[in-house]
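Per-entry structural report
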Amino acid sequence: MRKLVKLTSRLFLNSKCPLWLQRKGLNLLGGYGRKPKGMTIIKKDQGGVPVWWFKPRQFPARKAIIYFHGGGYGIGSPKSHRDLCSHLSAYASIPLVSVAYRLAPEHPYPAALDDAQAVYQSLLEQGFQPEHLAFAGDSAGGGLALALALRCQQQRVPQPGCLFLISPWVNKSRETASHRSQYAVDPVINEGWSLQMARNYLSDSEAIKAEACMTDKDLTGLPPMLIHVGTDEVLLDDSLSLKQEAMRSGIPVTLMTYPEMWHVFHFSASLFAQAREALQQAAGFIQKRLS
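To keep things clear, this report deals only with the structure shown in the data block. Per-chain numbering applies: the sequence of each chain, read as written, is numbered from 1 onward. With pLDDT at 70 or above as the cut-off, local features in this predicted model cover only qualifying residues; side-chain atom pairs require 80 or more to be listed or tallied, and sums for whole chains, interfaces and linings still use all residues. By convention in this description, side-chain values take in all heavy atoms of the structure and omit both hydrogens and water.

As for the overall build of the protein
Selection criterion: Strands here mean DSSP runs of E at least two residues long; helices mean DSSP runs of H or I at least four residues long; both are numbered from the N terminus. C-alpha atoms define the radius of gyration in this analysis, and the globule rule sets the expected value at 2.2 Å times the number of residues to the power 0.38. Each residue is assigned to one of three classes by its accessible area relative to the maximum for its type, calculated with a 1.4 Å probe on protein chains only: buried under 20%, partly exposed between the two thresholds, exposed over 50%. Residues count as neighbours in contact if any of their non-hydrogen atoms are within 4.5 Å of one another. A 1.4 Å probe and the Shrake-Rupley method give the accessible areas. Residues count as covered only by the protein chains that appear here.
From N to C terminus, the protein includes 10 helices and eight strands. Computed over the C-alpha atoms, the radius of gyration of the protein is 17 Å, within 12% of the 19 Å expected from 2.2 N^0.38 for a compact globule of 291 residues. By principal-axis analysis of the C-alpha atoms, the protein measures approximately 45 × 40 × 35 Å. Counting all 291 residues of the protein, 59% fall into the buried class. Across the protein, the fraction of contacts at a sequence separation of at least 24, relative to all contacts at a separation of at least 6, is 79%. Taken as a whole, the protein presents about 12000 Å² of accessible surface, with 52% of it coming from carbon and sulfur.

Some words on a nonpolar patch on the surface
We count it as follows: Residues enter a patch when their relative accessible area is above 30% and they make no salt bridge; the linking distance is 9 Å between like charges and 5 Å between nonpolar side chains (Val, Leu, Ile, Met, Phe, Trp, Tyr). The term salt bridge refers to a side-chain nitrogen of Lys or Arg lying within 4 Å of a carboxyl oxygen of Asp or Glu.
Taken together, M1, L4 and L271 make up a surface patch of nonpolar side chains, about 270 Å² in accessible area. Tracing the chain through its elements places L271 in the loop between β8 (253-258) and α10 (273-290).

Topic: the nonpolar core
Note the following rule: Nonpolar cores are built from buried Ala, Val, Leu, Ile, Met, Phe, Trp, Tyr and Cys residues. Side-chain atoms within 4.5 Å join them into one set.
Grouped together as the largest cluster of nonpolar side chains are 96 residues, with contacts concentrated most on I65, F68, L88, Y120, L222, M225 and I286. In this structure I65 touches L88, A92, I94, P95, L96, V97, A134, A136 and I286, once residues within four positions along its chain are discounted.

A word on the sheet that holds strand β3 (residues 64-68)
Which entries qualify depends on this criterion: For two strands to be treated as a pair, DSSP must find no fewer than two bridges joining them. As a rule, the C-alpha atoms of each element are fitted with a line to give its axis, helices using only the stretch in contact, and angles between N-to-C directions run from 0 to 180 degrees.
A sheet is described by the order of its strands in space; here eight strands give the open sequence β1-β2-β4-β3-β5-β6-β7-β8, paired in mixed fashion. With partners counted over all chains shown, the strands left at the sheet margins are β1 (40-46) and β8, one partner each. The average undirected angle you get between the axes of adjacent strands in this sheet is 20°. Judged from the six bridges that link them, strand β7 (residues 225-230) and β8 form a sheet pairing that is parallel. Paired with H228 across the bridge in β8 is M256. Sheet strands in contact with helix α4 (residues 111-125) are β1, β2 (49-55), β3, β4 (96-99) and β5 (133-138), and its direction is about 55° off that of β2.

Quick notes on the layout of surface pockets
Going by this rule: Throughout, the protein atoms alone are placed on a 1 Å grid, and a set of points is a cavity if a 1.4 Å probe fits but cannot get out or a pocket if it is open with protein on both sides within 12 Å along at least five of seven lines; lining residues have an atom within 4 Å of a point. Grid points are joined across faces, edges and corners, and a volume is the space filled by probe spheres set on the points. Amino acids outside the nonpolar list (Ala, Val, Leu, Ile, Met, Phe, Trp, Tyr, Cys, Pro) and the charged list (Asp, Glu, Lys, Arg) are all regarded as polar, and Gly is one of them.
Of the volumes computed, that of the largest pocket is approximately 460 Å³. Around the largest pocket sit 27 residues that line it, and S9, L13, L26, V188 and F267 are the ones nearest its centre. Of the residues forming the lining of the largest pocket, the biggest block, five residues, is contributed by helix α1 (residues 2-12). Broken down by class, the residue content of the lining of the largest pocket amounts to 17 nonpolar, nine polar and one charged.

What to know about the pairing of β4
Note the cut-off: Here the term right-handed applies to a crossover when the path leading from its first strand over the helix to its second strand runs clockwise, the strands being oriented away from the viewer.
Residues of β4 alternate between two faces, with L96 and S98 on one and V97 and V99 on the opposite face, all of them buried. Here β2 runs beside β4; their pairing, made up of four bridges, is antiparallel. By the bridge assignment, W53 is partnered in β4 with V97. Relative to β4, β3 runs parallel, the two being bridged by four bridges. In the sheet register, I66 faces β4, and the bridge partner there is V97. Remark: the β3/helix α3 (residues 82-92)/β4 crossover connection has right-handed handedness.

Below you can see the structure in the form of structure tokens.
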């Protein structure tokens, strides 16, 4: 599995590959596989933002997971993360809203964050209680989920019931040990690509101040969080630092580290037993927190 991941990542996730091809390639990679039995996918607008609703056969009323896909804020979509999202929704027996937020460099910070907030606000206006909603995301999407929770903190908007973050990209300054040392073992992320994506998203000094390093921010008041990360990935230290800051801020936090796993191994749930097991564990966390 690792060899397949490395081959496809080197083809599409590199700074020399045109952005349109990166986007198309990731959509193809994540759009395979059968949906779990009974899963319905509905494409619509939510708060003026395109979304995909994943709805399992049976689910409780007025509960949902709001999911933000990864891809360095420049690639990725609900289609690319169909496999991951459909399995997470099925395991939790909770509908999932996958957000097609605007992408950089066409739409740099804060476009993605504005779209994320619009979807959350729309669900609140529809009658969803905040404690019955979860923010979730992988990589850049994990960073976006945390950024939305921080914006809610600043604007005194009610927090969701929990956060589920897969290898969240919360330190875009590349100043951690794993940022410098793990490129040799992580089959997904390479240095040139991540640097280019950060530059595309953080287009000015205000964006850099707001988003470059979220682990330096006070997390007081954020909801309980679950973090998943592999030991063989560039963003390992992002998750370790986030856990430490959450503990300092008094936030209930669980960090699950997966030995010899690469960046967002959850992506291949249809093909990879470890991905399914990790999503099942996360589903249990979300069910408990939204109950």
